[in-house]
Amino acid sequence: MQIVPLGPGFAAELRGVNIQDVAADDGAYASVRAAFEEYSVLVFRDQDVSDEAQLAFSRRFGPLEITKVSSEGAGTNLVILKTLDDAGSVVPDDHRLALENKANQLWHTDSSFKQVPALASVLSSRVIPERGGETEYVSTRLAFDSLDVTLQRRLEDSFAWHEYAYSRGKIAPDLAGPEERAALPPQCWRMVWQNPVNGRKAVYLASHAFAIEGMEREAARALLAELTEVATPPEARYLHSWRVGDVLMWDNRATMHRGRPWPAGEPRHMVRTTISATAADGLEAMRAPSRQPAE
Ligand code: OGA
Ligand code: MN
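Residues numbered from 1 in each chain as written. Chains lettered and ligands numbered in written order. Predicted model: local features only at pLDDT ≥ 70, side-chain atom pairs only at ≥ 80, totals over all residues. Heavy atoms only, no water.

Named according to an unreviewed UniProt entry, the chain is Taurine dioxygenase, alpha-ketoglutarate-dependent originating from Mycobacterium rhizamassiliense. Entered under Sequence similarities (unreviewed entry) in the UniProt record, the comment concerning the chain runs "Belongs to the TfdA dioxygenase family." (UniProt positions renumbered as here; feature names shortened; annotations may be inferred.)

Enquirer: Please explain the layout of surface pockets as it appears in this structure.
Expert: Rolled over the atoms, a probe sized like a water molecule indicates the empty space that remains. Considered as a void within the structure, the largest pocket measures approximately 300 Å³ in volume. In this structure, the largest pocket is lined by 15 residues; those nearest its centre are Asp 93, Ala 98, Gln 105, Trp 262 and Ala 264. As a volume, the second largest pocket reaches approximately 170 Å³. If you trace the second largest pocket, you find it lined by Leu 106, Trp 107, Tyr 166, Lys 170, Leu 205, Ala 206, Ser 207, Ala 209, Arg 221, Leu 224, Ala 225 and Thr 228. Element by element, the count of residues in the lining of the second largest pocket is highest for helix 9 (residues 217-231), at four residues. When grouped by side-chain class, the residues that make up the lining of the second largest pocket number eight nonpolar, two polar and two charged. (1 Å grid on protein atoms, 1.4 Å probe; cavity = no way out; pocket = protein on both sides within 12 Å on 5 of 7 lines; lining within 4 Å. Points joined across faces, edges and corners; volume = space filled by probe spheres on them. Helix = DSSP H or I, 4+ residues; strand = E, 2+ residues; numbered from the N terminus. Nonpolar A, V, L, I, M, F, W, Y, C, P; charged D, E, K, R; others polar.)

Enquirer: How should I be thinking about the coordination of the manganese ion (ligand 2) in this particular structure?
Expert: For a metal with four tetrahedral donors the ideal donor-metal-donor angle is 109.5 degrees, while six octahedral donors give ideal angles of 90 or 180 degrees. Those donors, His 108 (NE2), Asp 110 (OD) and His 257 (NE2), are the protein atoms that reach the manganese ion (ligand 2), and they lie 2.1 to 2.2 Å from it. Sequence spacing of the donors to the manganese ion (ligand 2): H-x1-D-x146-H. Of this pair, His 108 sits in the loop between helix 4 (96-103) and strand 5 (118-127) while His 257 sits in strand 14 (residues 255-259); the two residues are 149 residues apart in sequence, bridging distant segments of the chain. Here His 108 falls in the buried class, since its relative accessible area comes to 3%. (Donors = N, O, S within 2.8 Å, 3.2 Å for Na, K, Ca; no water. Buried < 20%, exposed > 50% of the residue type's maximum accessible area, 1.4 Å probe, protein only.)

Enquirer: Sorry, what's going on with the site of ligand 1 here?
Expert: Lining the immediate surroundings of ligand 1 are Leu 81, Asn 104, His 108, Asp 110, Leu 123, Glu 134, Thr 135, Trp 250, His 257, Gly 259, Arg 268 and Arg 272. With respect to ligand 1, the side chain of His 257 contributes an N or O atom lying 3.0 Å from an oxygen atom. Protein coverage of the free-state accessible area of ligand 1, which is 290 Å², stands at 99%. Of the residues belonging to the shell around ligand 1, the class tally is three nonpolar, five polar and four charged. (Near = heavy atom within 4 Å. Polar contact = N/O pair within 3.5 Å; in protein donor to acceptor, adjacent residues only side chain to side chain. Areas by Shrake-Rupley, 256 points an atom, 1.4 Å probe, with all protein chains shown as cover.)

Put into structure tokens, the structure is as follows:
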């Protein structure tokens, strides 16, 4: 296996290994797992991707999430991001599927709004537009390192509330419906996630974060917006331009990502699997000793 660094201080392409090897072979898994802990975003090119191959690869890393209600793929281990309706036509801009893509274009980490947040996501491209439709990443480890020590210490002792309906509300007030709101109540997480393998600390931040324990709402939102700014300057980003056959894997503990727009009328179809965090991934220290979001 060859590791080719791609991004500004994180992200790497892995060559000489495919997703089937990782599923079948302990040694291949161990090498890829080590690269994942180190580089936070891994790119596999020219893969022979199927749902089954992606699932078998993903299961190596931990328990798979079950896709939430009202999503394409609900109740399975696959999230289907596509802009095609059942008849195969590209949906209009105001269609729920298009709006959900728009929500993915806000800087976020996956599943911070779930009762068990995500260790990693695996995304494969099935149909891609001619232009645009990239996925962009930043390292929240490098963002943490760039903060002054006083703010680092403060964030390590702070807890933020995350809610799915909040980030969706930024796109359209009712994008998250009553079923999703009921299934996905706000969750509270420490604002720094420490990697237990290498000790590196990362700001744990997402479009889903709407409040900070013990802080007045408006001041909390201002701090969340400022941290997002600091984490995402253009020179800190890795922009991935998709080819069919690409598989990307990222560490939701140590990165944020966002989708990029593409020309209206062009189809895009991606499939995601998501791996839940466990105690071995540093999850226990993320839990707040806390109760309800403050008004
Ligand atoms: C995701 C996501 C962005 C994209 O799958 O979690 O945010 O580019 N995707 O589709
Ligand atoms: Mn995402």
